[in-house]
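Chain residues, written in single-letter form:
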Amino acid sequence: MNKAFLIMGALAASLLLCQCYTDAPPASGTLKLVDPEAQEYWKEAQECVEQKDWSGAISRYKKLCEYHALAEEAPAARFHLAQLYELTDDPREAFDTYQKVIERYPNSPLYSQALKAQKELAFKAARGELTSKVLWSFDVPMDPSDVIRWLNSVCQNAPYSEVAPEAMYLLGEYLVKRERTQEAIETFQKLVDNYPTSPYAPVAQLEVADLYRSASEKGDRNNTNIMRAQEAYEAYLSMFPNHAKSAQAKSGLNDIRRQLVQQKLEIGEYYMNRMKNLDAAVFCFQETASMDHINPEAAAKAKEYLKELGSKVQ
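Residues numbered from 1 in each chain as written. Predicted model: local features only at pLDDT ≥ 70, side-chain atom pairs only at ≥ 80, totals over all residues. Heavy atoms only, no water.

> What is the right way to look at the pattern of salt bridges in this model?
Following the criterion strictly, the structure yields 11 salt bridges and no others. Notably, a salt bridge pairs Asp255 with Arg213, separated by 2.5 Å at the nearest N-O pair. With Asp255 in helix H12 (residues 246–275) and Arg213 in helix H10 (residues 201–217), the pair connects residues that are 42 residues apart, well separated along the chain. Assigned by exposure class, Asp255 and Arg213 land together as buried. Ionic pairing is found between Asp292 and Lys303, a salt bridge with its closest N-O pair at 3.6 Å. With a gap of 11 residues between them, Asp292 in the loop between helix H13 (278–289) and helix H14 (296–308) and Lys303 in helix H14 connect regions that are remote in the sequence. Salt bridges sharing partners connect three or more residues here, namely Arg92, Asp96, Asp146 and Arg149. (Salt bridge = Lys/Arg side-chain N within 4 Å of Asp/Glu carboxyl O. Helix = DSSP H or I, 4+ residues; strand = E, 2+ residues; numbered from the N terminus. Buried < 20%, exposed > 50% of the residue type's maximum accessible area, 1.4 Å probe, protein only.)

> Please clarify how helix H6 (residues 111–126) should be interpreted in this entry.
Given 3.6 residues to a turn, an α-helix orients residues that are three or four positions apart in the same direction. A rise of 1.5 Å per residue sets the reference length of H6, with its 16 residues, at 22 Å; its end C-alpha atoms lie 23 Å apart and thus fit the reference within 8%. Listed in full, the buried residues belonging to H6 are Ala114, Ala117, Gln118, Leu121, Ala122, Phe123, Ala125 and Ala126. Contacts made by the buried residues of H6 are with helix H4 (74–87), helix H5 (91–104), helix H7 (144–157) and helix H8 (163–177). Positive backbone phi, approximately 75°, marks Gly128, located one or two places after H6. (Expected span 1.5 Å × (residues − 1). Contact = heavy atoms within 4.5 Å.)

> I'm lost on the side chain of Thr97 in this one. Help?
Tracing the backbone through its elements, the reader meets Thr97 in helix H5. With sequence-adjacent residues up to four places away left out, Thr97 is seen in contact with Arg78, Leu81, Ala82 and Tyr85.

> Would you mind going over the nonpolar core with me for this structure?
In a soluble, globular protein the nonpolar side chains are often hidden away together inside. Counting residues in hydrophobic clusters, the biggest one holds 76 residues, and the most contacted among them are Tyr61, Tyr98, Trp150 and Leu151. Among the elements that take part in this core, H4 stands out by supplying 9 residues, more than any other. Of all hydrophobic cores here, the second largest spans 11 residues; its members include Val261, Leu265, Val282 and Ala298. (Core = buried A, V, L, I, M, F, W, Y, C linked by side-chain atoms within 4.5 Å.)

> Is there a simple way to think about unusual backbone geometry in this case?
Comment: phi is negative for the bulk of residues other than glycine, and the bulk of peptide bonds are trans. One non-glycine residue, Asp89, adopts positive backbone phi at about 60°. Mapped onto the fold, Asp89 is located in the loop between H4 and H5. Taking relative accessible area as the criterion, Asp89 reaches 36% and is therefore assigned partly exposed. A positive phi angle, close to 60°, is found at Lys276, a residue other than glycine.

This is the structure we're talking about:
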């Protein structure tokens, strides 16, 4: 009920805005000054809204937009249509209709309102606050493909606004929750590259590092993941040395360095026990032993191996 009152209020406010808009001459060659049939659809739609006949209003606004796209009433009709889709719990149609306002009527006073409405829909969907109906009765979570598309649209529609990096960060979080790790990493990295001064850039850079580190700890001990985690932590500390999460980044970097030393020890063990290549094993153990300030346990084990092999610690 509250939602209905809010949207009805928004409809009334935007109707007033449209009246102001129609007083100004439209851009040459884009809109018809007078279109009697469009005016009739507009009048009928308003009457339906007053009577809370949402389906009737939707039908008339749709006809106005479809058959009279150049009429001066068309931008507001499409905007109201999107609002009515929201009111009747059809967020997909609402979002796509706002998108048409943005694409087709960039000079309309309703343009910025459409951007804001899209943002609110996309953000609610990403946070799990929005559902859609199946068979007009069952509420189900939004399809992830829709949520991802929406967040990308928000970024693309206003790439130079403060909303874009926020939407991109929310998209990265959304992908992480769905275990789409590589896509999340790419999204966070794009945020850092495109919006390095955004307040979301430091946390996005840290997310990149943490995700690579997590991948290396979950069984995917690909050396590339470990090295990329190290590079990402180092980039964070270089770019944002005074950020609030610097201590967390330093801790992560130290863990990665310990992993690399442990990995060097395991390579030495492989050469010694499996390949029987003692020269290569000694080389690895020497390197590991020299890093006791990073990983004392691995260094101590390497020194034991060197003693067994009759080689001195260099």
